[in-house]
Structure formats: structure tokens, C-alpha cells
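Chain by chain, the residues:
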Amino acid sequence: MNMDRELFQILGVTLRMSLFSTCISCLIGMPLGVLTGKGDFKGKGTIKKLTGTLMGLPPVVAGLIVYMLFSKNGPLGALGLLFTVEVMVVAQCILITPVVIGITESMTSINAKSISETAKGLNFSKRKTALLLLSENKQALLSVVLTAFGRSIAEVGAVSLVGGNIQWKTRVMTTAIMLETNKGNFSFALALGIVLLLISLIVNVLASVLVKEDKNA
Amino acid sequence: MLEINDLKKIYGDRTVLDIDKLKMNKGETVVIVGPNGSGKSTLLKILSGVIAKSEGSFGFDGELYYLPQQSIPFRKSVRKNILFSAKDSTDKEQRCNELLKELQLMHLADKNAKGLSGGECQRLALGRILINKCDLLLLDEPSSAADIEGTEIIENAIKRYREETGCAILMTTHSPRQALNLADRIIMLREGRIVEEGRPEQLLSAPQTEWGRKFIGMWKID
């Protein structure tokens, strides 16, 4: 019974962390990705190089940086956020945002110039053009969201460093699997893994339903 | 209406557009012809603000609309594509229906525009522009993907719009027949420069340059 309660609690923390970090990363990364994919501007090359480098950032390094920032003597230590879900979201965002920028850029660069040119010719406002770019690339952006979510829910290195894998507080599916494996509880670890896979499957099915509805609209 | 002075576009060490002077009057239709890479589209892109000029100046009165060569159909129905492009006004539904009829797209009105053929897409792209009133219309090869019937529909719509609004039109084409059908004045561009300019009959009968004579000699007017 207690095990079931703990499992649901871990599941809740995992979903909360993954959804928040996916939302924040997409809100920051998608506009930047569309912007870099859309046109030529000063600093575009630098953004692309930086994004490419950060896409390969090892999770433990991201975790270490966030840990140092939020530790007692760090510049953000006064916030007292270390070993909380909030700081796990911060670490996740550092890892996922470059991925979101990179994939959005490569996906939207295919049609962003033509859409912008069409919109410019029709005297659309900047806001209307931005909304058009997003709606025309809805399906591509949906796969970006799925990738971000997938990366977030599967991440273990950074979240265990900054979250501390604290029972009833910051333990998530991946860190729980690691702990149970270390303890030798392979069957429970495997069960947790299956639950994690099921979540991914549900999210993907929901996304494909959304895409189908959009195609039929 | 439109005035261009010493307008240049330079990429690296290559000057792709170099126009000393060009003036257009209100209500006038000027058709630009010339081989690929002569700077026709570059000129329209600069005037519409899609790309920046390198040197020189230009100015025009009133509102400008621009139809690029590759105008993307939006992921909406054909009707919604036109309505989405219209400025807010009480009669936009009525004008949309008139355009759908004129461009012979009424039977496709509720279909997703992504499924249209190349020629239908061009008619739709023109409809999205013509739903609004403007003073200067820039059209970049507006019927390049259309068949003979589609081209006639497009040309008739352009003529009707011109008569109704009195707008000036600056357009490019590879079709001599279209240039002669629509132009008050034809401009020939070569390597970014104006090499011939005049009324259609004037250009046909007495081109001023050897290149102009050769270029007109290649025209097969159907």
C-alpha cells in the first residue's frame, strides 16, 4: 500500500518536473529557433554555434553548474532551492532549451523564409506573421515538444545531482530506477521502467491524435 | 507614384541590380522582362522590403502589396486563406465570394489549400492579395505555374482590379504575350540594368540595342 502511494508520488513529481521543464524550454526555445530559422541577422552564426555546443552538454555538467549556482555559497544560494523540484526544472531547462532551439531551427528553416515573404507581401503585422509561422509548423513543433518531453522524462544525471533523489520529495522515476537497481530490486526497477515507457507511449498517442485532427481540419 | 534612384543590390563583389532611374505614374502598369538572373525578382523584393538595398533610394505613395513567386498556401481552407489575408471590413465575406468566383476557385472554397495544384495555388495567392485595396501592386511572375486557361483568369482578374482601384502595377513575367497584354510600358533588364524601356509597340518595332533586338527576336508570341 505504502509502495503504491510512493509510486504515485514519484510519478507525480516526474510528470510535474517534465511538464514544467518542457513548457519553459519550448516557450524560450521555439521563438528563438523560429527566429534563427527564419532569416539572416547579426549574431545568427554565434547562436547556432552556441546551440550546437549546448545540445551536446553532458547532463552531469549541467547538473554541476546548477548545483554550484544554487548551493549555500553560490550566487543563488539565498533562494534555498537546492534539492527541490524547482531547481531540477532549472537544470532540465538548461539541457533541453538548446535541443528545442536546434530542432525548431532545422525544421522551420525549410519553409520559414517563404512564409515570411508571403506574410510581408500581404502586409501582415509581426504578431500575425509569428502566429502564422507557428500554425504552419504546428506538426513539426509538436515533434519538438515530444522530443523535449522525452529528453526531460528520461534524464537522470542532472536531476539526481541537484534534486538529491530525496524520498517523498525529489525522487523521480529515473532516479528511483537507479536506486532500486543499486539495491538489487531488479523487478521493481523494471516495473518502474515499464511505467516510464507507458507514459511515453500515452504522450505519443495523444500527439498523433492531435496531428490527425489537425490534418482533417 | 514610385521613384527609384541609383538603386543597387550587391552580393560580395557581384552587383545583381543597378538601376539609375525608374519612375512610375499612378495607375500605370509596368512589366519587367529579362532572362533568369537579370534582377527582376530582386527589384520587387527590395521594393517590398523583403531584402535590403545596398545603395540608392526609392519611394512610393500609399500602400503596397507584393505577390512573391513562391507564395505559400496557408494550412487552411481556400476561403479562409483569402479571409485571413483580408483587412477587417464589413464586406470582406462578399468580396471573398466574388474573388472565388472570378478566380474559379468556388468549387474548392472549403478544401484545404495544401491540396491545390500549382496553378490553383497561384490563383489563390492572387486572391489573397486582391481582397485588399492598394496603391501599388508588385507581382512576381503571377501565372508562371498556370495553364493557358489559368493564365487568362489571372490576367483578367489583374485587369479588373486595376480598373476598379486605379492602382499602379509593377510585375515581372517570362511570357511575352502577357507583357504585351498587360503592360503600358515594358522594361527589359539584363544583368541588373535597364537596357530597353518603352511602350510595347515601340519596343517591338524599334528596340534601341543589339541585345534588345536579339531578346525580342526570341519572343514567340502565341
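This text follows the structure it describes.
None of the values given here were measured: they were computed from a predicted structure.

Participant: Looking at this structure, how should I read the state of the cysteines?
Facilitator: Among covalent bonds in proteins, the disulfide is the one between the sulfur atoms of two cysteines. Residue and element names in this part refer to chain B. The full count for this structure, using the stated rule, is zero disulfides over all chains. Of the cysteine sulfurs around cysteine 134, a residue in no disulfide, the closest is that of cysteine 167, at 4.8 Å. Judged by relative accessible area, which is 5%, cysteine 134 ranks as buried. Here cysteine 167 falls in the buried class, since its relative accessible area comes to 1%.

Participant: What's the story with the interface of chain B and chain A in this structure? I'm lost.
Facilitator: By a frequent convention, interface size equals the accessible area lost on bringing the separate parts together. Across the boundary between the two partners, chain B contributes 21 residues, which contact 16 residues of chain A. Interface area for chain B against chain A, summed over the two sides, is near 1600 Å², with a carbon-plus-sulfur share of 56%. When the buried surface of chain B facing chain A is broken down by residue, Phe74, Arg75 and Phe84 of chain B rank first, second and third, together holding 35% of it. At the boundary of chain B and chain A, one finds one salt bridge. On inspection of chain B and its partner chain A, the count reaches eight residue pairs in polar contact (both at pLDDT 80 or more).

Participant: Where do I start with the packing of helix α5 (residues 112-121) of chain A against helix α6 (residues 126-136) of chain A in this structure?
Facilitator: Any two packed helices are characterised by the angle at which their axes cross and by the distance between the axes. All names here are of chain A. At a minimum axis separation of 10 Å, α5 and α6 run at an interaxial angle of 140 degrees. Here α5 lies oblique to α6, going by the angle between them. Here α5 and α6 pass one another in a crossing that is right-handed. Between α5, through Ala112, Ile115, Ser116 and Ala119, and α6, the contact on the second element is made entirely by Thr129, Leu132, Leu133 and Glu136. Of the residues contributing to the contact of α5 with α6, the split by class is five nonpolar, two polar and one charged.

Participant: I tried to follow the sheet that holds strand β1 (residues 2-11) of chain B on my own but got confused; where do I start?
Facilitator: Strand pairing in a sheet is mediated by backbone hydrogen bonds. Such pairs are either parallel or antiparallel. All names here are of chain B. As summarised here, the arrangement of the three strands in space is β2-β1-β4, forming an open sheet in which the pairing is antiparallel. Of all strands in the sheet, those with a lone pairing partner are β2 (14-24) and β4 (55-60), marking the two edges. Taking each pair of neighbouring strands and ignoring which way they run, the sheet shows an average axis angle of 20 degrees. Strand direction decides the pairing type here: β1 and β4, joined by five bridges, are antiparallel. Within β4, the position partnered with glutamate 3 by the bridge is glycine 59. Sheet contacts for helix α1 (residues 40-48): β1, β2 and β4; angle to β1, the most-contacted strand, approximately 115 degrees.

Participant: I'm lost on the environment of glutamate 55 of chain B in this one. Help?
Facilitator: Residues and elements named next belong to chain B. Here glutamate 55 lies in strand β4. Residue classification places glutamate 55 among the partly exposed positions, given a relative accessible area of 40%. Here glutamate 55 is in contact with Asp6, Leu7, Lys8 and Ile10, once residues within four sequence places are set aside.

Participant: Looking at this model, I keep getting lost on unusual backbone geometry. Mind explaining?
Facilitator: Negative phi values dominate among residues other than glycine, just as trans dominates among peptide bonds. Residue and element names in this part refer to chain A. Within the chain, asparagine 123 stands out as a residue other than glycine whose phi angle is a positive 60 degrees. Its place among the elements puts asparagine 123 in the loop between α5 and α6. Positioned with a positive phi, asparagine 165 is a non-glycine residue whose angle comes to about 50 degrees. On the secondary structure map, asparagine 165 appears in the loop between α8 (157-163) and α9 (173-183). Asparagine 165 sits in the buried class, given a relative accessible area of 17%.

Participant: What's the story with the pattern of salt bridges in this structure? I'm lost.
Facilitator: Pairs can form between side chains of opposite charge whenever their charged atoms are close. All names here are of chain B. Throughout the structure, instances matching the rule amount to 16 salt bridges over all chains. Residue arginine 160 is joined to glutamate 164 by a salt bridge in which the shortest nitrogen-to-oxygen separation is 3.2 Å. Residue arginine 160 and its partner glutamate 164 are located together in helix α5 (residues 148-165), separated by four residues, close to a single helical turn. Residue classification places arginine 160 among the partly exposed residues on the basis of a relative accessible area of 24%.

Definitions and limits used
Residues numbered from 1 in each chain as written. Chains lettered and ligands numbered in written order. Predicted model: local features only at pLDDT ≥ 70, side-chain atom pairs only at ≥ 80, totals over all residues. Heavy atoms only, no water. Disulfide = S-S within 2.5 Å. Buried < 20%, exposed > 50% of the residue type's maximum accessible area, 1.4 Å probe, protein only. Contact = heavy atoms within 4.5 Å. Buried area = accessible area lost by both parts, 1.4 Å probe. Salt bridge = Lys/Arg side-chain N within 4 Å of Asp/Glu carboxyl O. Polar contact = N/O pair within 3.5 Å; in protein donor to acceptor, adjacent residues only side chain to side chain. Axes fitted to C-alpha atoms, helices over the stretch in contact; angles between N-to-C directions. Helix = DSSP H or I, 4+ residues; strand = E, 2+ residues; numbered from the N terminus. Parallel < 35°, antiparallel > 145°, perpendicular 65-115°, else oblique. Left-handed = near helix turned anticlockwise from the far one by under 90°. Nonpolar A, V, L, I, M, F, W, Y, C, P; charged D, E, K, R; others polar. Pairing = 2+ DSSP bridges.

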